[in-house]
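# Structure at a glance
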Amino acid sequence: MNTRRIRRFGMFEVVNTVLMIAVCFITLYPMWFVFANSLNSPEHATLGTVNWIPKAISFDSYRVVFSNENMMNGFYITTMRTVIGTAAHVLFTAIVAYGLSKTNLIGRKIYMKIALITMLFSGGLIPTFILMTKLGLYDNFWVFIIPAMYTFFNMVIFMSFFRTIPDSLEESAKVDGASDYGVLFRIVMPNSMAVIATISLFSAVYHWNDYYQGVIYIRTQELLPLQTMLFKIIAENSMSFMQQQAMAQFGARLPGNSIKFASMMVATLPILLFYPFIQRYLVKGVMIGAIKG
Amino acid sequence: MIQSKTGQMKTFLKQWQLQSMVIPGIVWMLIFCYIPMFWLIIGFMDYSIAKPMLQSPFVGLKHFEDFVTDERFWRSIRNTLGMSSIKLVLGFSIPIVFALLLNEIRSLRFKRTVQTISYLPHFIAWTIFGGIMLNWLGEGGVINQLFMGLGIQEREILYNSDPKYFWWITFFSDTLKETGWSAIIYIAAIAGIDPALYEAAELDGANRWQRMWHITIQSIRPTIAILFILAVAGILGSNFDQIFMLKNNMNMKMAESLDLYIYNMGLVSGRHSFSTAVLFARSIVALGLLFLANYSSKKLTGDSIF
């Protein structure tokens, strides 16, 4: 009886472990697939994609991507957008949250109601589009930054974190003559680095990965973020600009697919490189959110 | 505490610094949230973007009548409900099962590694993930190779050109991308269960499945209920980033969700008022669904959001 029980548990353990390894494999394989194909040599790539290992390694498609002015400009726009957008979001949201975290704030109840209603209703796509046009944000770099400066969800996370900072810390700074801004920037913010890191990372991932704002609001080629260009290359199959260049550089031997995969790799690499270091902050963020929600 | 008006004014002026932190935020909300909300009224007008807002004529429910008689609108409702239902019926439990099985892994290091890897696809953009899917589903792609190798199909199928596969493509690709991430919230809830409960159950002779059912699932029931309410309330929504990436002219018949219909009508065809009427109707229904789902969950399980 006892041995049977142990054996049954052992069986479960084995099956479960194999299952979990399978999950890891299925999760990692898509990225491996892109990686392998981006390195596949042009001669072999014309024969189709490889499933596991490139038949011969070649960096030609990367050369095309990195020497393509449009792609590099997209990389620049995405980087600028990520840096400025994240800084603006964190600073703006944190400042609003600090003000609202003070219970003695006159009008706090009304402010909170105004903030809360934005959770339940929204204008949606068309009214927002019209607003952006009227504000002159259409085809303007700042359309990436200003509308993304604040979210209710992150404001609440900041607010509840700020509340956990002991009042005595803030009081003593006040006695020393610090202003509210002084307290926020010299006492509260330095004590909130964990939550700032988490929200920065979420904001940065959003800005890096978003392609949709670029599809809707941007017409000028020079303002297109990398992901929007990728969308056009992959979903709309419009990659003539890169193929022309590839023809000039390598003759007709570089097939479109390799360039696609190399572009995908370039657009994901920053996330893949940072991921091992940032993933615990990302998870922490969800936990905070889950507890509040 | 009751304060006189002048007293409040004085305090307000005294806390000008705090007020100057909050008021820009309120102004931002008024501009970027409340103005669009107010502009939903163009659903009742024949609005033209070239003219000032209120000079357009009111046309009452004309656009509402137009969309309820538009077959393509009902097609988009069918597609949205179809994709959401598959996700809800087949997909809702997948992250729960994953969290439960992961919880049974004894080696902490292995557990953490699996968890970390399983989140990864969530942070990969849909442009890239969608690009991989399009390649896999195409001619000579991984899916065709696999299914032909297993003898499931005899010849190549262009999955993404045939509308009948579209709902399943969205379901499977979403599951592949988001299962690990959706499981986090359950994993966190499971981690918060008192280990003494398990020890007591073990002493009483409860086996693995009984412990899973009577302790783990019962303890995370409120979390499950809340996420279920949100899923039901969001049934009229769709994963726009995903659908926008995977749709094409051939599969549009099954791919055009309500979101995509609004986009196509409003921004591609330029029918601003018409699309806004659809948006308006949808937000009313969505709000109703939220209250309904919340109410039924409260009645059935005692767990609710508000």
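Quick caveat, the model's predicted, so the values are computed rather than measured.

Helix and strand counts for chain A come out as 14 helices and 0 strands. Listing the helices and strands of chain A from first to last along the sequence gives α-α-α-α-α-α-α-α-α-α-α-α-α-α. The buried share of chain A, reckoned over its 293 residues, is 37%. The contacts in chain A between residues at least 6 apart in sequence include a share of 71% that link residues at least 24 apart.

A separate point is the overall build of chain B. Looking only at helices and strands, one finds 16 helices and 0 strands in chain B. Long-range pairs, those at least 24 residues apart, make up 68% of the contacts in chain B with a sequence separation of at least 6.

Turning to the interface of chain A and chain B, a few remarks are in order. On the chain B side, the residues contacting the 68 residues of chain A number 63 residues. Considering every element that reaches the side of chain A that touches chain B, the biggest residue donor is helix α1 (residues 2–39) of chain A, with 13 residues. In the side of chain A that touches chain B, the residues fall into 47 nonpolar, 18 polar and 3 charged.

So, about the UniProt feature "transmembrane region" (unreviewed entry) in chain A. In the numbering adopted here, UniProt assigns the feature "transmembrane region" (unreviewed entry) to residues 12–32, 75–98, 110–130, 142–162, 183–206 and 259–278 of chain A. Annotation note: span residues 110–130 of chain A, helix share 81%, strand share 0%, distance between end C-alpha atoms 28 Å.

Our next topic: the UniProt feature "transmembrane region" (unreviewed entry) in chain B. Here, the residues flagged by UniProt with the feature "transmembrane region" (unreviewed entry) are residues 21–45, 85–105, 117–138, 180–198, 219–240 and 274–293 of chain B. As annotated, residues 85–105 of chain B has a helix share of 81% and a strand share of 0%, and its two end C-alpha atoms lie 31 Å apart.

The next subject is the nonpolar core. In summary, soluble globular proteins display a tendency toward joint burial of nonpolar side chains. Counting residues in hydrophobic clusters, the biggest one holds 108 residues, and the most contacted among them are Val96, Ala97, Phe158 and Leu230 of chain A. Of the residues forming this core, the biggest block, 10 residues, is contributed by helix α4 (residues 69–100) of chain A. Those residues in contact with Ala97 of chain A that lie beyond four places of it in its chain are Met155, Phe158, Met159 and Phe162 of chain A. One finds Ile184, Ile185, Tyr186 and Ile220 of chain B within the second-largest nonpolar core, a separate group that totals 13 residues.

Let us now look at the environment of Gly192 of chain B. Residue and element names in this part refer to chain B. Mapped onto the elements, Gly192 comes out in the loop between α9 (166–191) and α10 (195–203). A count of 11 C-beta atoms within 10 Å places Gly192 in the exposed class. When the C-alpha atoms of Gly192 and Ser4 are compared, they prove to be 47 Å apart, with 188 residues separating the residues in sequence.

Let's shift gears to the UniProt feature "domain: ABC transmembrane type-1" (unreviewed entry) in chain B. In the numbering adopted here, UniProt assigns the feature "domain: ABC transmembrane type-1" (unreviewed entry) to residues 77–291 of chain B. Helix makes up 74% of residues 77–291 of chain B and strand 0%. Its end C-alpha atoms lie 20 Å apart.

Before going further, it helps to examine the confidence of the model for chain A. The share of residues in chain A with pLDDT of 70 or more is 89%, and the mean pLDDT across the chain is 87. Of the regions scoring below 50 in pLDDT, residues 1–7 of chain A engages in 0 contacts with residues more than four places distant in sequence or in other chains.

Reading predicted coordinates in detail is not appropriate for stretches of low pLDDT. Overall, the predicted model of chain B reaches an average pLDDT of 91, with 99% of residues at or above 70. Both confidence scores are given for the complex: pTM 0.91, ipTM 0.90.

In this section: the environment of Ser283 of chain B. Mapped onto the fold, Ser283 of chain B is located in helix α16 (residues 272–301). What makes Ser283 of chain B partly exposed here is the crowd of 18 C-beta atoms within 10 Å. Once residues within four sequence positions are removed from consideration, Ser283 of chain B is found in contact with Phe121 and Gly124 of chain A.

Burial analysis of helix α15 (residues 258–268) of chain B places 8 of its 11 residues in the buried class, the great majority of the element. Leu258, Asp259, Leu260, Tyr261, Ile262, Tyr263, Met265 and Gly266 of chain B are the residues of α15 of chain B that are buried. Packed against the buried residues of α15 of chain B are α6 (125–134) of chain A together with α4 (71–91), α13 (240–246) and α16 of chain B. With its phi angle positive at about 70°, Gly270 of chain B sits one or two positions after the end of α15 of chain B.

Here we come to unusual backbone geometry. Across residues other than glycine, the phi torsion is negative in most instances, and most of the peptide bonds are trans. Even without being glycine, Asp139 of chain A reaches a positive phi, approximately 55°. Here Asp139 of chain A falls in the partly exposed class, since 13 other C-beta atoms lie within 10 Å of it.

Cut-offs applied
- Each chain carries its own residue numbering, running from 1 in the written order of its sequence.
- Chain labels run from A onward and ligand labels from 1 onward, assigned in the order the entries are written.
- For this predicted model, a pLDDT threshold of at least 70 governs which residues receive local features, and a threshold of 80 or more governs which side-chain atom pairs are given and counted, while totals over whole chains, interfaces and linings are taken from all residues.
- Numbering of helices and strands runs from the N terminus; a helix is a DSSP stretch of H or I covering at least four residues, while a strand is a stretch of E covering at least two.
- Between the buried cut of 20 or more and the exposed cut of 12 or fewer other C-beta atoms within 10 Å of a residue's own C-beta lies the partly exposed class, and all C-beta atoms are placed from the backbone.
- Our contact criterion uses C-beta atoms placed from the backbone: two residues qualify when those atoms are within 7 Å.
- Lys, Arg, Asp and Glu make up the charged group, whereas Ala, Val, Leu, Ile, Met, Phe, Trp, Tyr, Cys and Pro make up the nonpolar group; the residues left over, Gly among them, are polar.
- UniProt positions are given in the numbering used here, feature names are shortened, and annotations may be inferred rather than shown by experiment.
- By convention in this section, buried Ala, Val, Leu, Ile, Met, Phe, Trp, Tyr and Cys residues joined through C-beta atoms within 7 Å make up a nonpolar core.
- On a scale of 0 to 100, pLDDT captures the predictor's confidence in every residue.

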